Structure formats: structure tokens, C-alpha cells
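Reading the structure
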Amino acid sequence: MNAAPADQIRLLDVQALDVRLQQLAHKRKSLPEHAEIESLTKDLTQLRDLLVAAQTEESDCGREQTKAEQDVDQVRQRAARDQQRLDSGAVSSPKDLENLQREIVSLAKRQGDLEEIVLEVMERRESAQERVSELTGRVSAVQAKADDATARRDAAQGELDAEAASVTKERELIAGSVPDDLLKLYDRLREKQGGIGAARLHQRRCEGCRLELDVTEVNEIRASAPDKVVRCENCSRILVRTSESGL
């Protein structure tokens with residue numbers, strides 16, 4: 001393949017822009033905010049799970065407290081009715097009076113036991129409410145950090161995307177002036193060779209693979225026409241000759 005030396009030089013400009021695009025893409029993918037957001041998201045998931053568990057416990061305790069208080073109220077009302085019957089004198093049978101008094105005593109004990117249950121449930125509910133409050137605050141704090149990290153990531157990505165768009169436009173402009181067959185060869189080699197399809201020949205060294213050419217190869221390149229597209233024997237990349245090639 002033949003191409004004007006100036007076209008081959010422009011190929012180096014295209015290569016430099018492609019390298020910059022690779023760097024921008026890598027930088028975008030490697031932004032520290034990505035790992036930060038991932039870590040904060042994991043923390044948020046764990047905290048929210050704990051918060052749901054605490055809220056569930058608080059809700060369960062609330063229902064349990066309501067039930068226990070209703071039980072106390074029922075016993076209290078029954079004891080009040082029995083006491084009213086006792087005080088009214090409506091029960092005259094000694095045996096019935098004894099049974100009624102015994103029931104009032106039993107209800108008083110039952111009420112005391114139930115009130116102990118209510119207090120115990122209230123303590124558990126208060127503890128759960130404190131846990132809910134604590135976890136709610138922690139979730140809010142971590143969410144604020146995640147939002148800040150997301151905003152910083154988005155801003156950084158926006159800057160990188162803007163630069164990438166500018167470089168892409170410049171690349172299109174320069175690549176448009178390179179012969180199609182040369183550009184297709186370059187693109188094919190770039191895909192196969194890790195993003196580098198063309199390299200400068202500098203002081204008899206290929207800047208693509210960083211290996212120095214042997215004497216035979218240097219002589220062949222020196223004898224070839226200026227418009228001949230030469231390739232590196234070691235890495236197969238297009239070798240672009242300049243005044244500093246050492247030929």
C-alpha cells in the first residue's frame with residue numbers, strides 16, 4: 001500500500017486522538033466516585049433492612065401493647081362490676097359473697113399481671129422507637145453522602161463526555177483527510193493491537209512495541225519509497241517515518 005508521507009503523518013494525529021479517547025473512557029470508568037457510590041449503596045441497603053426490621057418490631061410492639069391494654073381494661077371493668085355488686089348488697093348468700101370476693105381478689109392479681117405485661121411491652125416498644133429514630137438518621141446521613149457522590153460523579157462524567165465529544169469531532173475532521181484504504185488498515189490494526197494501529201519510527205525503534213528494528217529491516221525501510229506504507233516486523237503496526245526515524 002502506498003500513501004503520501006503527509007497522510008501517514010496525519011495518521012499519527014489520528015492515533016494520538018484515539019489514545020486520548022481511550023484515556024477518557026478509562027478515566028470515566030475508573031472515577032473514584034463509582035466505588036464510593038457502590039460502597040454507600042451497600043451501606044444504605046443494609047441500613048434500610050435494619051430500619052425495616054426495627055419498624056416492624058415497633059409496629060408489632062404497638063399491636064401487642066394495644067392488645068395488652070385492652071385485656072387490662074376488660075379485667076378492670078369486670079372487677080369494677082363485681083365490686084359494685086358487692087357494695088350494692090345485692091348478693092346476700094354467704095357462699096356467693098365469698099365467691100365474689102375471691103373473684104375480685106383474683107381479678108386484681110390478674111390486672112396486676114397484665115399491667116406488668118403492658119409495661120414490659122412499652123419498654124420494648126420504646127427501645128424499638130429509639131432504634132427506628134437512630135437508623136432513620138443514619139439512613140438520611142448516608143443518603144446525603146450518596147447524593148453528593150452521585151452529583152460529583154455526574155459532574156465529572158459531564159466534563160469527560162464534553163471533552164470526548166470535542167476530541168471525537170477533531171478526530172473525524174483529521175481522519176476525513178486520510179485516504180480510506182490507509183484508514184481502514186489503521187482501524188483494523190488498532191482493533192487487533194490494543195488500540196495502537198500506527199506508531200512513529202523513532203531512532204530505529206518502533207514506538208508501538210518499543211523494540212528496536214534490526215539492521216536488515218532498517219535497510220529495507222531506508223530503501224523503500226517515501227510513500228510506501230511500511231509495517232513493523234515485530235508488532236505489524238504501521239510504521240510512520242519522520243526526520244527523527246534514524247534512517
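Residues numbered from 1 in each chain as written. Predicted model: local features only at pLDDT ≥ 70, side-chain atom pairs only at ≥ 80, totals over all residues. Heavy atoms only, no water.

1. Some details on the nonpolar core
Residues Leu11, Leu182, Tyr186 and Ile238 are the most contacted members of the largest nonpolar core, which totals 23 residues. Those elements that place two or more of their residues in this core are α1 (5-29), α3 (94-175), α4 (180-192) and β4 (238-241). Residues within four places of Ile238 in sequence aside, it is in contact with Leu11, Leu182, Leu185, Tyr186, Leu189, Gly197, Ala198, Ala199, Val229, Val230 and Arg231. Counting 12 residues, the second-largest nonpolar core is a separate cluster that includes Ile37, Leu51, Ala146 and Ala149. (Core = buried A, V, L, I, M, F, W, Y, C linked by side-chain atoms within 4.5 Å. Buried < 20%, exposed > 50% of the residue type's maximum accessible area, 1.4 Å probe, protein only. Helix = DSSP H or I, 4+ residues; strand = E, 2+ residues; numbered from the N terminus. Contact = heavy atoms within 4.5 Å.)

2. Focus: the state of the cysteines
Tallying each qualifying case throughout the model produces 0 disulfides. For the unlinked cysteine Cys206, the closest cysteine sulfur is that of Cys235, found at 3.8 Å. According to the relative accessible area criterion, Cys206 is buried, its value standing at 0%. There is no disulfide at Cys209, and the cysteine sulfur nearest it, in Cys206, is 3.8 Å away. Taking the relative accessible area as the measure of exposure, Cys209 reaches 23% and is therefore partly exposed. (Disulfide = S-S within 2.5 Å.)

3. Some words on the side chain of Gln15
Positionally, Gln15 belongs in helix α1. A relative accessible area of 5% means that Gln15 is categorised as buried. Looking at Gln15, its side chain comes within polar contact range of the main-chain nitrogen of Gly197, at 2.7 Å. When neighbours within four sequence positions are excluded, Gln15 is seen to be in contact with Tyr186, Arg190, Gly195, Ile196, Gly197 and Ala198. (Polar contact = N/O pair within 3.5 Å; in protein donor to acceptor, adjacent residues only side chain to side chain.)

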